[in-house]
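The residues making up each chain are set out below.
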Amino acid sequence: DRSHMRFPWNFWLCFVYLALGGLALSFLCFSELMRRGSGLQSSSVSYLATVLGVGFGAIFLHERLSWQTLLGGVIAIGGVVIVQSPVLMERRRAR
């Protein structure tokens, strides 16, 4: 039973602002990337959102990062770099 949970109006205002603002911004960025490049390139950029969110949390909120989190960030960034690599893009186009 969650009837005891009450949220003030400013919570809902912030929630709606962040949800709609973040959704609109990400949709606009994704649409622009789709217009300029391929679907593979556009979708790979979405992996950076998590890395940036964790990074901003560490910088601005002083959250602690474990080695597993750092390793996951390196893997995510490495994957995006590989997908965005010009050499691999040329190989895909040659097929």
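Here goes a summary of the coordinates provided. What you are looking at is a predicted structure, and each value in this text was computed from that prediction instead of being measured.

## What about the overall build of the protein?
At step 1: Counting its secondary structure elements, the protein contains five helices and zero strands.
At step 2: Tracing the protein from N to C terminus, the helices and strands come up as α-α-α-α-α.
At step 3: Radius of gyration (C-alpha) of the protein: 18 Å, far over the 12 Å computed for a compact globule of 95 residues.
At step 4: With respect to the principal axes defined by its C-alpha atoms, the protein has extents near 60 × 35 × 30 Å.
At step 5: Evaluated residue by residue, the protein yields a buried proportion of 9% over its 95 residues.
At step 6: Accessible area of the protein: about 8,200 Å², with a carbon and sulfur share of 71%.
At step 7: For the protein, the distance from the average position of its 9 positive side-chain charges to the average position of its 4 negative side-chain charges is 7 Å.

## A few points about a nonpolar patch on the surface
At step 1: A cluster of nonpolar side chains, namely M5, F7, F11, W12, F15, V16 and L20, defines an oily patch on the protein surface of about 680 Å² accessible area.
At step 2: Counting through the fold element by element, F7 comes out in the segment before α1 (9-36).
At step 3: Given a relative accessible area of 41%, F7 falls into the partly exposed group.

## Brief notes about the packing of aromatic side chains
At step 1: A complete count under the given rule lists six aromatic pairs for this structure.
At step 2: Their ring planes at 20 degrees and their centres at 4.6 Å tell us that F7 and F11 sit as a pair that is stacked.
At step 3: On the numbers, 5.9 Å between centres and 85 degrees between planes, the contact of W12 with F15 is edge-to-face. With W12 and F15 both in helix α1 and three residues apart, the pair spans about one turn of that helix.
At step 4: Ring pairs connect the aromatic residues F7, F11, W12 and F15, which therefore count as one cluster.

## Comments concerning helix α4 (residues 67-84)
Since one α-helical turn is 3.6 residues long, residues separated by three or four positions face the same way.
At step 1: If you check α4, its first and last C-alpha atoms are 26 Å apart, about what 18 residues at 1.5 Å a residue would give, namely 26 Å.
At step 2: Of all the positions in α4, only G73, V80 and V83 are classed as buried. Within α4, the buried residues cover an arc of 100 degrees as seen down the axis, which keeps them to one side. Pointing more than 90 degrees away from the buried face of α4 are the exposed residues W67, V74, I75, V81 and I82.

## Here's the deal with unusual backbone geometry
At step 1: If you check the backbone angles, H62 has positive phi at about 55 degrees while not being a glycine.
At step 2: Inspection of the secondary structure assignment puts H62 in the loop between α3 (47-60) and α4.

## Brief notes about the layout of surface pockets
At step 1: Reported here for the largest pocket is a volume of approximately 430 Å³.
At step 2: Mapped by element, the contributors of at least two residues to the lining of the largest pocket are α1, α2 (39-45) and α3.
At step 3: For the lining of the largest pocket, the element with the highest residue contribution is α1, accounting for eight residues.
At step 4: Of the residues assigned to the lining of the largest pocket, the class counts are 10 nonpolar, six polar and no charged.
At step 5: Volume-wise, the second largest pocket comes out at about 160 Å³.
At step 6: Among the secondary structure elements, those contributing two or more residues to the lining of the second largest pocket are α3 and α4.

About the criteria used
- Residues numbered from 1 in each chain as written.
- Predicted model: local features only at pLDDT ≥ 70, side-chain atom pairs only at ≥ 80, totals over all residues.
- Heavy atoms only, no water.
- Helix = DSSP H or I, 4+ residues; strand = E, 2+ residues; numbered from the N terminus.
- Rg over C-alpha atoms; globule rule 2.2 N^0.38 Å.
- Buried < 20%, exposed > 50% of the residue type's maximum accessible area, 1.4 Å probe, protein only.
- Areas by Shrake-Rupley, 256 points an atom, 1.4 Å probe, with all protein chains shown as cover.
- Lys, Arg positive; Asp, Glu negative; His and termini not counted.
- Charge placed at Lys NZ, Arg CZ, Asp CG, Glu CD.
- Patch = residues over 30% accessible without salt bridge, like charges linked within 9 Å, V, L, I, M, F, W, Y side chains within 5 Å.
- Salt bridge = Lys/Arg side-chain N within 4 Å of Asp/Glu carboxyl O.
- Phe/Tyr/Trp six-rings, centres within 6.5 Å; stacked < 30°, edge-to-face > 60°.
- Expected span 1.5 Å × (residues − 1).
- Arc of directions from axis to C-beta.
- 1 Å grid on protein atoms, 1.4 Å probe; cavity = no way out; pocket = protein on both sides within 12 Å on 5 of 7 lines; lining within 4 Å.
- Points joined across faces, edges and corners; volume = space filled by probe spheres on them.
- Nonpolar A, V, L, I, M, F, W, Y, C, P; charged D, E, K, R; others polar.

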